[in-house]
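# Report on the structure
The primary structure of each chain is shown beneath.
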Amino acid sequence: MLCQAKPLSAAEQAFVGEYKQSSVDTLAQLLLTDDHTFCYSFMGGARDRLLAGHWQAVPGQASRIRLTEQRASQPLFPVLLSATPGEAGKVQFDFHGYSLSEANRPGFAIGTDENLPGALRPLFVEDKSSWSESYLTPALAKAQARYFYLGQLELTPSGQPGLLKVSQYPLKPGQQLRVGFDAAQAEALLDAEAELKRDTLYIQGGRFGHRQPAKAELVAQARESCIQPILANKPAPDSEPDSGTAGQMLKPLRQFTLPASALQGAVWFPEQAE
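As a starting point, this report considers the structure included with it. Since the structure is predicted, the reported quantities are computational estimates derived from the model, not experimental observations.

On to the sheet that holds strand β12 (residues 147-155), then. With antiparallel pairing, the five strands of this open sheet are ordered in space as β9-β8-β12-β13-β19. Every interior strand has two partners, whereas the edge strands, β9 (121-122) and β19 (254-259), have only one. Relative to β19, strand β13 (residues 161-170) runs antiparallel, the two sharing six bridges. Counterpart to Ser 167 in the pairing with β19 is Gln 255.

Another aspect to go through is the side chain of Ser 41. Locating Ser 41 in the fold gives a position in strand β3 (residues 37-43). Since its relative accessible area comes to 15%, Ser 41 is described here as buried. If near-sequence neighbours (up to four positions away) are discounted, Ser 41 is found in contact with Leu 27, Ala 28, Gln 29, Arg 49 and Leu 50.

With that settled, consider the nonpolar core. Val 79, Phe 93, Phe 95, Phe 108, Phe 148, Leu 150 and Leu 177 are the most contacted members of the largest nonpolar core, which totals 26 residues. Of all the elements in the fold, those that place two or more residues in this core are β6 (79-82), β7 (90-96), β12 and β14 (176-179). The dominant element in this core, judged by the number of residues it contributes, is β7, at three residues. Once residues lying within four places of it in the same chain are set aside, the contact partners of Phe 95 are Leu 100, Phe 108, Leu 123, Glu 133, Ser 134, Tyr 135, Thr 137, Leu 150, Arg 178, Val 179 and Phe 269.

Ordered in space as β1-β2-β3-β4-β5-β15-β16-β17, the eight strands form an open sheet in which the pairing is antiparallel. Looking along the sheet, the strands with just one partner apiece sit at the ends: β1 (17-22) and β17 (206-210). Between one strand and the next, the sheet's axes are offset by a mean angle of 25 degrees, whatever the strand orientation. In this structure, β3 lies alongside strand β4 (residues 49-58), joined through six bridges in antiparallel fashion. Bridging across to β4, Tyr 40 finds its partner in Leu 51. Along the sheet, helix α4 (residues 216-231) contacts β1, β2 (27-32), β3, β4 and β5 (61-70); its crossing angle with β4, the most-contacted strand, is approximately 95 degrees.

Here the focus is the packing of aromatic side chains. The description of two aromatic rings rests on the distance between their centres and on the angle between their planes. One pass over the full model with this rule turns up 16 aromatic pairs. Where Phe 95 meets Phe 108, the ring centres are 5.1 Å apart and the plane angle is 75 degrees; that geometry is what we call edge-to-face. Taken together, the positions of Phe 95 in strand β7 and Phe 108 in strand β8 (residues 107-111) put the pair 13 residues apart, joining distant regions of the chain. Residue Phe 108 is classed as buried on the basis of its relative accessible area, which comes to 0%. Pairing Tyr 149 with Phe 256 gives two aromatic rings, centres 6.2 Å apart and planes at 75 degrees, and the pair type is edge-to-face.

Reading guide: rules and limits
- Residues numbered from 1 in each chain as written.
- Predicted model: local features only at pLDDT ≥ 70, side-chain atom pairs only at ≥ 80, totals over all residues.
- Heavy atoms only, no water.
- Pairing = 2+ DSSP bridges.
- Helix = DSSP H or I, 4+ residues; strand = E, 2+ residues; numbered from the N terminus.
- Buried < 20%, exposed > 50% of the residue type's maximum accessible area, 1.4 Å probe, protein only.
- Contact = heavy atoms within 4.5 Å.
- Core = buried A, V, L, I, M, F, W, Y, C linked by side-chain atoms within 4.5 Å.
- Axes fitted to C-alpha atoms, helices over the stretch in contact; angles between N-to-C directions.
- Phe/Tyr/Trp six-rings, centres within 6.5 Å; stacked < 30°, edge-to-face > 60°.

Structure follows, in structure tokens:
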């Protein structure tokens, strides 16, 4: 739900505007609006990002604010029901390699009933370096895949394997399911303190950019395409796998964790992509 706009103090008004940070290959932009919302965009590197949320003054510190991201609710593994015809009584899983390349050791399992599995098989070899767009399983009997499970290994703060975070999905009518990975959902929400020094914004102590007045057209565009959709909890259109078909997105029934050792067994796709 969007928050009611609150009047800005003079100290808060000083933050309102546009900030930019750029390098040869990247551009980051932050827009702080006068209704305590913000839009942050990053272009370049492996993946573009678009964030939105609220900002508030830090009590007792006129030159500081806190940025708090709000994220649209979205499965970590988006699954689309495809219209692709297939063999009767069978189902195939089409894994979107490019998005799944960003997952940390993804695993997959199928089941005949609601009993949760004790293990998932790795989808790909460890340290995989080349990727195809599509990885298609053999046709599997639907009776053997009434439920399916997708997970990835979470890392500890020291970078060591932690728990295997798993989502359970029910199998729906259809012959093919398109599976992807939403890397944004795996990242921690932005919750950072920012300080304004002589019209220059520092976030968590690092220099971000100089404040510039934001044009009305930019503010309107940011509200329409960034702030309002995200704060209204609408999924981003590019967070679904690029299946090429308009299909229903499946929702996971539940999430649970297993020890890292539960990622075991034969790799589903052992070969390296050409």
